Amino acid sequence: MFERYTEKARRVIFFARYEASQFGSPYIETEHLLLGLLREDKALIHRCLPSQATVESIRNQIEAHTTIREKTSTSVDLPLSNECKRVLSYAAEEAERLSHKHIGTEHLLLGLLREPRTFAAQLLNSQGLSLDTAREIVSKWQKTTEASHEIVKIHGEECDAGYVQAQLPELQKFAWRKRQWKPLDILVEISSGRTFFDITLMDDLGFKLVVGGWPREFCSLCYWELNADGGSEHASGYTNGREWLCTECYEKFLEPLDKARG
Ligand SMILES: [Zn+2]
């Protein structure tokens, strides 16, 4: 069902499910989707709700509104509430309306606003964000990204130029250096099998160290896989010490900007 979703939009659903399980909710509700959006697409949220205090206040209101039940295991596949299902079909309609091939986070936001009786929509409305305003912001933003970019091809495949453009301001904040990809050592929580990245917690008895336990990473722009055994094209990329970009994305998008900056 999520084939047409951009990676970011998929992560919103993933986080929404996570938030729902943390609250012990039997369904993924619209407010969990909203929390997923706040977490995943700070650039979009910033354009629509410029003040950081607003974002905090929304988060607090959701927490205050929720009866916290016992946490559900994150491995349980929580279903979407009916409102959420409608939000997702509205999101698809919004993408259609803007003739976007992919369903992105901006469409999910518009979808949320089209279900006006839900808690998520009420929170957004109370912060001054109406459906009309949000549509205006999204289409204006789309025009600027379209004007500045044609179709881009990465690794021989056409990719979402608007998406790439939108990520660049954030990526530009970092210094990128070429590095060989090496599998990372990680900690694994013994009781649950979940991953923990900070190995300074090694002496915590609840965790065991797995050397090279994180074998691959993905390019933050095109999701090209970096790994140690997929041949030279996959073996190195550019990193800011945390995230990775494939060589092609770095050279195509960030290097020109770095050069222009001198
Ligand atoms: Zn890439």
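Per chain, residues are indexed from 1 in the order of the written sequence. With the structure being a predicted model, the display of local features is reserved for residues of pLDDT at least 70 and the display and counting of side-chain atom pairs for 80 or more, all residues being used for whole-chain, interface and lining totals.

Draft legend 1. Fine view of the sheet that holds strand E6 (residues 207-214). Strands qualify as paired when DSSP identifies two bridges or more between them. Put simply, DSSP marks the helices as runs of H or I at least four residues long and the strands as runs of E at least two long, and each gets a number from the N terminus on. Read across the open sheet, the three strands follow the order E5-E4-E6; overall the sheet is antiparallel. Since the sheet does not close on itself, it has two edges, and those belong to strand E5 (195-196) and E6, each with one partner. Examined bridge by bridge, strand E4 (residues 184-189) and E5 share two bridges and lie antiparallel to one another. Residue pairing in the sheet places Leu 187 in a bridge with Phe 196 of E5.

Draft legend 2. Highlighting the pairing of E4. Taken together, the five bridges between E4 and E6 define a ladder with antiparallel strand orientation. Residue pairing across strands places Glu 189 opposite Phe 207, the latter belonging to E6. Remark: five residues form the turn of the hairpin made by E4 and E5, two consecutive strands paired antiparallel; Gly 193 in that turn has positive phi of roughly 80 degrees.

Draft legend 3. A look at the sheet that holds strand E10 (residues 244-246). The antiparallel open sheet is built from three strands, whose spatial order is E3-E9-E10. Edge positions in the sheet fall to strand E3 (177-180) and E10, since each of these pairs with one other strand and no more. In this sheet, adjacent strand axes meet at a mean angle of 45 degrees when their direction is disregarded. Pairing geometry for E3 and strand E9 (residues 236-239), over four bridges, is antiparallel. Of the residues in E9, the one forming a bridge with Arg 179 is Gly 237. Here the contact rule is simple: place C-beta atoms from the backbone, and any two residues whose C-beta atoms are within 7 Å are in contact. Interaxial angle, 0 to 180 degrees, is taken between N-to-C directions of lines fitted to C-alpha atoms, where a helix line uses only the stretch in contact. Where helix H11 (residues 247-261) meets the sheet, its contacts fall on E9 and E10, and the angle it forms with E10 comes to roughly 90 degrees.

Draft legend 4. The arrangement of unusual backbone geometry in detail. Even without glycine at this site, Ser 99 takes up a positive phi of about 45 degrees. Summarising the element assignment, Ser 99 is placed in the loop between helix H5 (82-97) and helix H6 (105-113). Residue classification places Ser 99 among the exposed positions, given that 7 C-beta atoms sit within 10 Å. Exposure classes come from backbone-placed C-beta atoms, where a residue is buried if 20 or more other C-beta atoms lie within 10 Å of its own, exposed if 12 or fewer do, and partly exposed in between.

Draft legend 5. Region of the structure containing the domain arrangement of the protein chain. What fixes the domain bounds is an automatic or database domain assignment. What the domain assignment lists for the protein chain is domain 1 (7-147) and domain 2 (152-261). The centre of domain 1, based on its C-alpha atoms, is set 26 Å off from the matching centre of domain 2.

Draft legend 6. Inspection of the nonpolar core at higher detail. Grouped together as the largest cluster of nonpolar side chains are 38 residues, with contacts concentrated most on Leu 33, Leu 109 and Leu 112. Listing elements by their share of this core, those giving two or more residues are helix H1 (7-22), helix H2 (30-40), helix H3 (42-48), helix H4 (52-65), H5, H6, helix H7 (119-126) and helix H8 (131-147). Discounting chain neighbours no more than four positions away, the residues touching Leu 109 are Leu 37, Leu 44, Cys 48 and Ala 134. We define a nonpolar core as a collection of buried residues of the types Ala, Val, Leu, Ile, Met, Phe, Trp, Tyr and Cys that are connected via C-beta atoms lying within 7 Å of each other.

Draft legend 7. Looking closely at the packing of H2 against H6. Taken N-terminus to C-terminus, the directions of H2 and H6 make an angle of 145 degrees; their axes are 11 Å apart at the nearest point. Between H2 and H6 lies a crossing whose hand is left-handed. Each of Thr 30, Leu 33, Leu 34, Leu 37 and Glu 40 in H2 lies in contact with H6, whose residues at this interface are Thr 105, Leu 108, Leu 109 and Leu 112. Classes in brief: Ala, Val, Leu, Ile, Met, Phe, Trp, Tyr, Cys and Pro nonpolar; Asp, Glu, Lys and Arg charged; the others, Gly included, polar. Of the residues in the contact of H2 with H6, the class split is six nonpolar, two polar and one charged. By the definition used in this description, the sense in which the near helix is turned from the far one sets the handedness, with an anticlockwise turn below a right angle giving left-handed and a clockwise turn giving right-handed.

Draft legend 8. Geometry of H1. Taking 1.5 Å per residue as the helical rise, H1 with its 16 residues ought to reach 22 Å, and the 22 Å between its terminal C-alpha atoms agrees with that figure. Three or more residues of H1 are buried, namely Lys 8, Ala 9, Val 12, Ile 13, Ala 16, Arg 17, Glu 19, Ala 20 and Ser 21. Tucked inside the fold, the buried residues of H1 contact H2 and H6. Backbone geometry just after H1 places Gly 24 at a positive phi near 70 degrees. A helix is expected to span 1.5 Å for every residue after the first.

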